[in-house]
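Structural characterization, general
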Amino acid sequence: MIWAWILGFIFLIIKLSIIMIVLLTVAAYLVWVERKLLGRMQARFGPNRAGWFGLLQPLVDLVKLITKEDTVPEGASKGLFLLAPGVVALMALLIFAVIPFGKGFTLRGRPIPLVITDLNIGVIYFLALSSLSVYGIVLGGWASNSKYSLLGGIRGAAQMISYEIALGLSLVPVVMLARSFSLVEITNAQRNYPFILVQPVSFLLFFIAAVAEIKRIPFDLPEAENELGAGYHTEYSGMRFGLFFLGEYINMIVLGSLVTVFFLGGWHGPVLPPLLWFLIKVWVIVFILIWMRATFPRIRYDQLMNMGWKALIPVALLNIIVTGAVILGWS
Amino acid sequence: MEGIRGLAKGLITTLKILFRKPVTEQYPEYKRPLPARARGVIILTRDPDGEERCVACYLCSAVCPVSCISMQSAERADGRRYPRWFRINFARCIYCGFCEEACPTLAIQLTPDFETSRRDILKLVYEKEDLLVNHGGKNKEYNFYRHAGVTMVGDKGTHINEDKPVNVKSNMP
């Protein structure tokens, strides 16, 4: 009994480390992919100096970030200032714990599910963590003792709180269809067809709200380079700045995974192995995110608020009512 | 609807460009041939006889907006002037080309070579030996002393494009 428990614990640790390493590496190379794609979309080459096709660029960037001086601005609230980037990166990493990324397999009669934990309130866990990551931004902005950072932090708070509502509401129809808050159950409910076919409105709402949630263009107001320097991470240097970016890129992967799980049928798919299906779907979403970054301008602050409160939330509420009515009618 | 069409148009444009060849010129591997009059490193040229063209008139030094040119004039035994030393601080030079315009003898000229970066800033201070070249630059045939009225080469009125001297006392209309 105790041995089984210890064995299970060891398996968990191994699984955790593999996922952690893969996630961090993918996030690092996502920077390269993004820069390369952005470059090509602007008729440039993108990074191509460090190594073959610039493939060593993430490593070189890492060395540069680590060897840079870690400065704390004068008058900053030191503890919070040092803590904030960690919050952002940690929350992004933690969300991945509930995402099922493949069909489990059996090793020596022991089932190994390809998900870290099948939490029965996975959707709520994800919403809670994405709310918590606002703290990283607000605290980072406030603790920097700089007006640009503060403005970025305030914008971040306002934007993420507004879009959180639409984000949560857009997931309600999915939960209604799957009859479960667990992401594993939601994936299994899409065995026959992905939810995007029955919930296209919900998909659009979730996608827009989630892009705003991870602060990507066209919703990158908290870090608007043109008007705020770099927003909440203006004062950060070295690896702390890197952590903010790491968090942002992990968030991109997490968003891709969540869209896949909620609307694109998770790892379900014909012919190809489940893990590959999952990766393909995630990368399609990530590609769309990069594509949007290369194309769209940043929207104005009042437009952002109008869209969140006057468009997304009413449409999401209406969508819930219609979905509820249809489900009630079917049964 | 209008808005969605606008967004889609932008997305299609970027997608099209994604599959296009980048327009970037990869600099150290490919060096774009520059026009002959491109303004880069400054040289001091020689006339067709192999003499220095510079007559140390200080006009380039005077016109230089960043005062990066300095020299010391001297005179040869036959009366021809030359700079004893001539120094250009390329760390300061802005490659405006005013010196070239001011030069009456076409001695100082800018070349298309622009690769001047050095590890040590003092290596960017070029002395006369570094600046002097063995050719005539952009105008190889020009020789100031054959054009202008300087008695050391020939008498008055014997130079290229020069009229005979007139007798001012009998110059009646």
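Counting restarts for each chain, with residues numbered from 1 along the sequence as it is written. Working convention: letters from A go to chains and numbers from 1 go to ligands, in the order in which they are written. Since the coordinates come from a predicted model, pLDDT governs what is reported: local features require at least 70, and pairs of side-chain atoms require 80 or more to be given and counted, while whole-chain, interface and lining totals use all residues.

All right, on to the overall build of chain A then. Of the regular secondary structure elements, chain A holds 11 helices and 2 strands. Secondary structure elements follow DSSP: runs of H or I no shorter than four residues count as helices, runs of E no shorter than two count as strands, and numbering proceeds from the N terminus. Beginning at the N terminus, the succession of helices and strands in chain A can be written as α-α-α-β-β-α-α-α-α-α-α-α-α. In this treatment the radius of gyration is a C-alpha quantity, and the globule benchmark scales as 2.2 Å times the residue count to the 0.38 power. Since a compact globule built from 331 residues should have a radius of gyration of about 20 Å, the 21 Å found for chain A is in line with a globular shape. On the principal axes, the C-alpha backbone points of chain A span a range of 60 × 50 × 45 Å.

Looking only at helices and strands, chain B features 5 helices and 5 strands. Along chain B, helices (α) and strands (β) appear in the sequence α-β-α-β-β-α-β-β-α-α when read from the amino end. The C-alpha atoms of chain B give a radius of gyration of 25 Å, which is well past the 16 Å a tight globule of 173 residues would have. Overall size of chain B, expressed as C-alpha extent along the three principal axes, is 90 × 55 × 25 Å. Counting every position in chain B, which comprises 173 residues, the buried fraction comes to 18%. What counts as a contact here is a pair of residues whose C-beta atoms, placed from the backbone, lie within 7 Å. Considering only contacts within chain B whose residues lie at least 6 apart along the sequence, 68% involve residues at least 24 apart. Partly exposed residues are those falling between the two cut-offs: more than 12 but fewer than 20 other C-beta atoms within 10 Å of their own, whereas 20 or more means buried and 12 or fewer means exposed, with C-beta atoms placed from the backbone.

Counting from both sides, the interface comprises 9 residues of chain A and, opposite them, 10 residues of chain B. Ranked by residue count, the leading element in the side of chain A that touches chain B is helix 10 (residues 274–295) of chain A, at 3 residues. Classes in brief: Ala, Val, Leu, Ile, Met, Phe, Trp, Tyr, Cys and Pro nonpolar; Asp, Glu, Lys and Arg charged; the others, Gly included, polar. Taken together, the residues that form the side of chain A that touches chain B break down as 6 nonpolar, 1 polar and 2 charged.

The next subject is the sheet that holds strand 3 (residues 81–89) of chain B. Following DSSP output, two strands are said to pair if at least two bridges run between them. Ordered in space as 2-3-5 (chain B), the 3 strands form an open sheet in which the pairing is antiparallel. Each edge of the sheet is formed by a strand with only one pairing partner; in this case those strands are strand 2 (69–75) and strand 5 (125–126) of chain B.

Before going further, it helps to spend a moment on the packing of helix 10 of chain A against helix 1 (residues 2–18) of chain B. Axes, fitted as lines to C-alpha atoms, cover a helix only where it is in contact. Angles between the N-to-C directions of the axes lie from 0 to 180 degrees. Two elements in contact, helix 10 of chain A and helix 1 of chain B, have axes whose closest approach is 9 Å; the angle formed by their N-to-C orientations is 105°. In this view, helix 10 of chain A runs roughly perpendicular relative to helix 1 of chain B, as classed from their interaxial angle. Counting all contacts with helix 10 of chain A, which are made through A:Trp291, A:Ala294 and A:Thr295, the residues of helix 1 of chain B involved are B:Gly10, B:Leu11, B:Thr14 and B:Leu15. Under this scheme an angle from 65 to 115 degrees is roughly perpendicular, one under 35 degrees roughly parallel, and one over 145 degrees roughly antiparallel; angles in between are oblique.

Most peptide bonds take the trans configuration, and most residues that are not glycine carry a negative phi. Residue and element names in this part refer to chain B. Of note, Ser67 is a non-glycine position whose phi angle comes to about 50°, a positive value. Relative to the helices and strands, Ser67 is located in the loop between helix 2 (59–63) and strand 2. The backbone phi angle of Leu106 is positive, close to 60°, even though this residue is not glycine. Position of Leu106 among the secondary structure elements: in the loop between helix 3 (98–102) and strand 4 (108–110). On the basis of neighbour counts, which here come to 18 C-beta atoms within 10 Å, the residue Leu106 falls in the partly exposed class.

Let us look at the environment of A:Ile137. All names here are of chain A. The residue Ile137 is located in helix 4 (residues 122–143) in this model. C-beta crowding within 10 Å serves as the criterion here: with 30 such atoms nearby, Ile137 is assigned to the buried category. Considering only alpha carbons, one finds Ile137 and Ile154, 17 residues apart in sequence, at a separation of 8.6 Å. Excluding residues that lie within four positions of it along the chain, Ile137 makes contacts with Val88, Gly153, Gly156, Pro222 and Tyr232.

Before going further, it helps to examine the packing of helix 3 (residues 78–95) of chain A against helix 4 of chain A. Residue and element names in this part refer to chain A. Between helix 3 and helix 4, the least distance of the axes is 8 Å, while the angle of their chain directions is 160°. Classified by the angle between their axes, helix 3 and helix 4 sit roughly antiparallel to one another. Every pair of crossing elements has a handedness; the one defined by helix 3 and helix 4 is left-handed. For the pair helix 3 and helix 4, contact is made by Leu80, Phe81, Leu83, Ala84, Pro85, Val87, Val88, Met91, Ala92, Leu94 and Ile95 and by Phe126, Leu129, Ser130, Leu132, Ser133, Tyr135, Gly136, Ile137, Leu139, Gly140 and Ala143, respectively. Its residues assigned to classes, the contact of helix 3 with helix 4 comprises 18 nonpolar, 4 polar and no charged. Crossing handedness is read from the near helix: turned anticlockwise from the far helix by less than a right angle, it gives a left-handed crossing, and turned clockwise, a right-handed one.

This next bit is on the pairing of strand 3 of chain B. Side-chain positions along a regular strand alternate between the two faces of the sheet. Residues and elements named next belong to chain B. Bridge count between strand 2 and strand 3: 7 bridges; the pairing is antiparallel. In the sheet register, Met71 faces strand 3, and the bridge partner there is Phe86. Linkage of strand 2 to strand 3, two consecutive antiparallel strands, is achieved through a turn of 5 residues, within which Gly79 is found at a positive phi near 90°.

The subject of this paragraph is the confidence of the model for chain B. Low pLDDT means the predicted coordinates in that region are not meant to be read closely. All names here are of chain B. pLDDT measures how confident the predictor is about each residue, on a scale from 0 to 100. Chain-level statistics for chain B give a pLDDT mean of 85 and a share of 95% at 70 or above. Mean pLDDT across the elements of chain B ranges from a minimum in helix 5 (residues 144–147), with 78, to a maximum in helix 2, with 92. This complex was scored by the predictor with a pTM of 0.78 and an ipTM of 0.70.

Here A:Glu213 shows up in helix 7 (residues 200–213). Sequence separation between A:Glu213 and A:Val134 is 79 residues, and the spatial gap between their C-alpha atoms is 9.0 Å.

Our focus in this paragraph is helix 1 of chain B. Because each turn of an α-helix spans 3.6 residues, side chains separated by three or four positions end up pointing in the same direction. Between its first and last C-alpha, helix 1 of chain B extends 25 Å over 17 residues, near the 24 Å set by a 1.5 Å rise per residue. The element helix 1 of chain B is largely exposed, with a buried count of 1 among its 17 residues. A helix is expected to reach a length of 1.5 Å times the quantity of its residues less one.

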